[in-house]
Amino acid sequence: MDEIRIIPIGSGSTGNCFYIEIGGYRFLIDMGIGYKKVRDALAMHDRSLEEIDAIFLTHGHYDHVKAAEPITNHTVCKVYANRSVMYSIRKTKTERVVLNMYEDIELFPGLTVRMFKVPHDFAYTCGYSFRTANRKVAYVTDCGRMKEQFLQELIGADVVIIESNHDVEMLKNGPYPKQLQARIRSEAGHLSNDECAETIAYLKEKGTSHFLLAHLSLHNNTPEIALETTRKRINDPEIDLYVCPDEGNDLLIY
Ligand SMILES: [Zn+2]
Ligand SMILES: [Zn+2]
């Protein structure tokens, strides 16, 4: 009951979807992975879409909402997001509920959800934290810069799922046109490996020791480089780092 269980079903620009279990409740974050892959990843661990208690969306970019309609054909739970996302998911089959930023909501008995704003080029992109009396998990991807305001939102989490999008040198020398490179590097873009490492170092000091590196770029990063960048910055063998694959069905238990 007290365990946090996570299945990183999809992570990156081809599609995002995470399964998170906390306090005995079962959630999905984002619906950017096709229905069958989500169904199969859950089934491998005796979970099913019909048992999902709530779905949360971070923003309306295609890689986070493209499977909203087929997935909600197989769920009975509500879909939670802020107002800016609602137009992108108007075809979902189950009820859509608007959440407001920076409000602690006890969505289920003993389980508090909080949405917080992150800088990205879709209006009101957000991260989430999920909290019970003694466990907390936080999720933040698609985030141009780490800002003091929402760094505070991550403090105290047992597990943090955090973007480690690109290696700055690979992006500079990679295949993307200059304009796209500038967008990715900008405050409204994506978090670099260096900034991710910096954030993890800060959160480690504050007591978090489990991190999932997420939303890695296919062209401007590798799992090895992302991992190495954070390992070098922190140099602490105790820290638990997991790199989320593009598509996966590992069950992680914390
Ligand atoms: Zn994305
Ligand atoms: Zn995005």
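It should be noted that the structure appears before, not after, this text.
Here is what the cut-offs are and how they apply
- Residues numbered from 1 in each chain as written.
- Chains lettered and ligands numbered in written order.
- Predicted model: local features only at pLDDT ≥ 70, side-chain atom pairs only at ≥ 80, totals over all residues.
- Helix = DSSP H or I, 4+ residues; strand = E, 2+ residues; numbered from the N terminus.
- Rg over C-alpha atoms; globule rule 2.2 N^0.38 Å.
- Buried ≥ 20, exposed ≤ 12 C-beta atoms within 10 Å, placed from the backbone.
- Contact = placed C-beta atoms within 7 Å.
- Axes fitted to C-alpha atoms, helices over the stretch in contact; angles between N-to-C directions.
- Parallel < 35°, antiparallel > 145°, perpendicular 65-115°, else oblique.
- Left-handed = near helix turned anticlockwise from the far one by under 90°.
- Pairing = 2+ DSSP bridges.

Q: Give a description of the overall build of the protein that names residues and reports values.
A: If you tally the helices and strands in the protein, you get eight helices and 14 strands. At 17 Å, the protein has a C-alpha radius of gyration in line with the 18 Å of a compact globule built from 254 residues. Burial status across the protein gives 44% buried among its 254 residues. Long-range pairs, those at least 24 residues apart, make up 64% of the contacts in the protein with a sequence separation of at least 6.

Q: Got a sec to walk through the packing of helix α7 (residues 193-205) against helix α8 (residues 223-234)? Specific residues and values, please.
A: It is the contact of α7 with α8, at a shortest axis distance of 9 Å, that shows an interaxial angle of 45°. What the angle tells us is that α7 and α8 run oblique. Every pair of crossing elements has a handedness; the one defined by α7 and α8 is right-handed. Contacts between α7 and α8 involve Asn193, Asp194, Cys196, Ala197, Glu198, Ile200, Ala201 and Lys204 from the former and Ile225, Ala226, Thr229, Thr230, Arg233 and Ile234 from the latter.

Q: For the environment of Phe27, give the residues involved together with the corresponding values.
A: Here Phe27 is to be found in strand β3 (residues 25-29). For Phe27, a count of 24 C-beta atoms within 10 Å gives the class buried. For the pair Phe27 and Ile239, spaced 212 residues apart in sequence, the C-alpha separation works out to 26 Å. Contacts of Phe27, omitting those with residues within four sequence positions, involve Ile20, Ile52, Asp53, Ala54 and Phe56.

Q: Describe the sheet that holds strand β1 (residues 5-10), naming the residues involved and giving the relevant values.
A: If you walk across this open sheet you meet the seven strands as β6-β5-β4-β3-β2-β1-β14, and the pairing is mixed. Only two strands of the sheet have a single partner each, and these edge strands are β6 (96-98) and β14 (252-253). Of the strand pairs in this sheet, β3 and strand β4 (residues 54-56) are connected by three bridges, and their pairing is parallel. Each bridged residue has a counterpart across the sheet, and for Phe27 the counterpart in β4 is Ala54. Lying over the sheet, helix α1 (residues 35-43) contacts β1 and β2 (17-22), oriented at roughly 150° with respect to β1.

Q: Before we move on, can you summarise the environment of Ala201 with the specific residues and values?
A: Secondary-structure assignment places Ala201 in helix α7. For Ala201, a count of 15 C-beta atoms within 10 Å puts it in the partly exposed group. The spatial distance from the C-alpha of Ala201 to the C-alpha of Tyr124 is 26 Å, given a sequence separation of 77 residues. Ignoring any residue separated from it by four or fewer positions in sequence, one finds Ala201 in contact with Arg233 and Ile234.

Q: So what's going on with the pairing of β1? Which residues, and what values?
A: The buried count for β1 comes to five of six residues, which makes it a mostly enclosed element. Inspection of the sheet shows β1 paired to β2 by five bridges, in the antiparallel sense. If you follow Gly10 over to β2, its bridge partner there is Cys17. The turn joining β1 and β2, which pair antiparallel and follow one another in sequence, is formed by six residues; a positive phi near 130° is taken by Gly12.

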